[in-house]
Amino acid sequence: MSEGIMSKAATMEIPISSNGVSGTINEDESLEQDLQQVMVSGPNLNETSIVSGGYGGTTEGIIPTSGLKGPAVRCNPNYLGLRFLSAEGQGSMSQPTSHPSLTSEELSRGLAVEKFDMVKKWGINTYKCTKQLISERFGRGSRTVDLELETQIELLRDTKRKYEGVLQLARALTAHFYSLVQTQRALGDAFSDLSQKSPELQEEFGYNAETQKLLCKNGETLLGAVNFFVSSINTLINKTMEDTLMTVKQYETARLEYDAYRADLEELSLGPRDAATLCRIEIAQQNFQAHRTKYEKLRGDVTIKLRFLQENKV
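Calculation notes
- Residues numbered from 1 in each chain as written.
- Predicted model: local features only at pLDDT ≥ 70, side-chain atom pairs only at ≥ 80, totals over all residues.
- Heavy atoms only, no water.
- Helix = DSSP H or I, 4+ residues; strand = E, 2+ residues; numbered from the N terminus.
- Contact = heavy atoms within 4.5 Å.
- Areas by Shrake-Rupley, 256 points an atom, 1.4 Å probe, with all protein chains shown as cover.
- Core = buried A, V, L, I, M, F, W, Y, C linked by side-chain atoms within 4.5 Å.
- Buried < 20%, exposed > 50% of the residue type's maximum accessible area, 1.4 Å probe, protein only.
- Axes fitted to C-alpha atoms, helices over the stretch in contact; angles between N-to-C directions.
- Parallel < 35°, antiparallel > 145°, perpendicular 65-115°, else oblique.
- Left-handed = near helix turned anticlockwise from the far one by under 90°.
- Nonpolar A, V, L, I, M, F, W, Y, C, P; charged D, E, K, R; others polar.
- Phe/Tyr/Trp six-rings, centres within 6.5 Å; stacked < 30°, edge-to-face > 60°.
- Salt bridge = Lys/Arg side-chain N within 4 Å of Asp/Glu carboxyl O.

In the nomenclature of an unreviewed UniProt entry, the protein chain corresponds to AH domain-containing protein from the organism Eleutherodactylus coqui.

Structure, rendered in C-alpha cells:
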C-alpha cells in the first residue's frame with residue numbers, strides 16, 4: 001500500500017523545464033485548473049503588495065512576478081493562511097490612521113467664524129445706533145417718545161439726586177452725633193470721678209455725672225434711629241432705585257436701536273424695488289420687528305418697576 005502511495009505521489013510531481021514552462025502531463029493540467037478555481041478571488045500575483053508593520057512605520061513591498069511564465073493565478077493570502085503581524089504582534093491589516101488635529105482645526109475655524117459674525121453684527125448695530133443718535137442730537141432724525149413714561153423717569157432721577165443729598169447729610173449727622181455721644185460719656189465719667197475725690201462738691205459733681213449719663217443713653221437711642229434711617233435711604237437709593245435705573249438704561253438703549261432700525265427700514269422702503277433691495281427690505285423688516293418686541297417688553301418692565309418703587313418709597 002505504501003508503494004502505491006509513493007507511486008501516486010511521484011505521478012503528481014510537476015516537472016519544470018529550464019525556462020520555467022511546466023511539462024505536458026494531464027495530472028498537472030487538472031491540478032492547475034483546480035488551483036485557478038479555488039484561488040480566483042485573490043489578488044494578482046503580478047501586482048501583489050504586502051503591507052507590514054515594522055519599527056520604522058508602515059512600508060509597502062511589491063513582489064514582481066513578471067519573470068514567471070505560465071497562466072496567471074490569483075492568490076488570496078487569507079485563504080492560504082498568511083497572516084501579517086503588526087508591530088504589536090496582532091494579526092491585522094493596516095488601517096488608515098485618523099488625524100485628530102484636523103478635527104481641532106475645524107473646531108477652531110468654526111469658533112473663529114462665529115466670533116467674526118458676532119463682531120460683525122456688533123459693528124453694524126453700533127454704526128446704526130451711532131448714526132441715529134447723531135441724527136437726534138442735530139434734530140434731523142425722529143425719535144419715539146412716551147411722554148408719560150419719560151416724565152416718570154425724569155422724576156425718578158430728580159428724586160434720586162435729592163435723596164442722595166439727604167443721605168450725605170444723614171451720614172454727616174451720624175458721624176458728628178456719634179462723636180457727641182462719646183464726648184458725653186467721657187464727661188460723665190470725669191464728673192463721677194470728681195465727685196469721689198471732692199467731698200465738698202460731691203453732690204454737684206454727682207448730679208452732672210448723672211445728667212451726662214442720661215444724655216449719653218438717650219443719644220445712643222437717637223443714634224440707633226439715625227443709623228436705621230441712613231441704612232434705609234442707602235438701600236432705597238443704591239439698590240431699589242439703581243435697579244430701576246438700570247432697567248431704564250436698557251429701555252433707552254432698546255428705544256435707540258428700535259428707532260435706528262425703523263429709520264433704516266424707512267430709508268430702504270424709499271429706494272428702488274429691485275431683487276437685491278427687496279431682500280434687504282425683508283431682512284430689515286425682521287430686525288425691526290425683533291427690536292420692536294424688545295423695546296415694548298422693556299417699556300412694560302420699566303412701568304412695573306416704577307410703580308413698585310413708588311410703593312416702596314412711601
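In this section: the overall build of the protein chain. Secondary structure assignment for the protein chain yields six helices and two strands. Contacts spanning at least 24 positions in sequence make up 69% of the contacts within the protein chain whose residues lie at least 6 apart. About 23,000 Å² of surface is accessible on the protein chain, with carbon and sulfur atoms providing 58% of the total.

All right, on to the nonpolar core then. Note that soluble globular proteins tend to have their nonpolar side chains buried in a common cluster. Among the nonpolar cores identified, the biggest contains 20 residues, and Leu149, Ile153, Leu156, Tyr251, Val302 and Leu306 are the most heavily contacted of them. Of all the elements in the fold, those that place two or more residues in this core are α4 (147–197), α5 (202–269) and α6 (275–313). In terms of residue count, α5 provides more of this core than any other element does, nine residues in total. Residues in contact with Ile153, not counting those within four places in the same chain, are Val248, Tyr251, Val302 and Leu306.

Packing of α4 against α5 leaves a shortest axis separation of 7 Å and a crossing angle of 160 degrees. Classified by the angle between their axes, α4 and α5 sit roughly antiparallel to one another. Between α4 and α5 lies a crossing whose hand is left-handed. Classifying every residue of the contact of α4 with α5 gives 29 nonpolar, 14 polar and 11 charged.

On to the packing of aromatic side chains. Each aromatic ring pair is summarised here by two numbers: the centre-to-centre distance and the angle between the ring planes. Per the stated rule, a full pass over the model turns up four aromatic pairs. Ring geometry for Tyr251 against Tyr295: centres 5.6 Å apart, planes inclined by 20 degrees, an arrangement best described as stacked. Remark: Tyr295 occurs in helix α6 and Tyr251 occurs in helix α5; sequence separation between them is 44 residues. When sorted by exposure, Tyr251 lands in the same class as Tyr295, which is buried. Ring centres of Tyr258 and Phe288 lie 5.4 Å apart, and the angle between their planes is 25 degrees; this geometry places the pair in the stacked category.

With that settled, the discussion passes to the pattern of salt bridges. This structure, assessed with the given rule, holds 17 salt bridges. Where Asp158 meets Arg161, a salt bridge forms, and the shortest distance between an N and an O atom there is 3.5 Å. Note that Asp158 and Arg161 are positioned in helix α4 at a spacing of three residues, about one turn of the helix. On the basis of relative accessible area, Arg161 is assigned to the partly exposed category, the value being 48%. A salt bridge links Lys305 to Asp243; the shortest N-O distance between them is 3.0 Å. Here the residue Lys305 occupies a position in helix α6, and Asp243 occupies one in helix α5, the gap between them amounting to 62 residues. The exposure class of Lys305 is partly exposed, given its relative accessible area of 27%.

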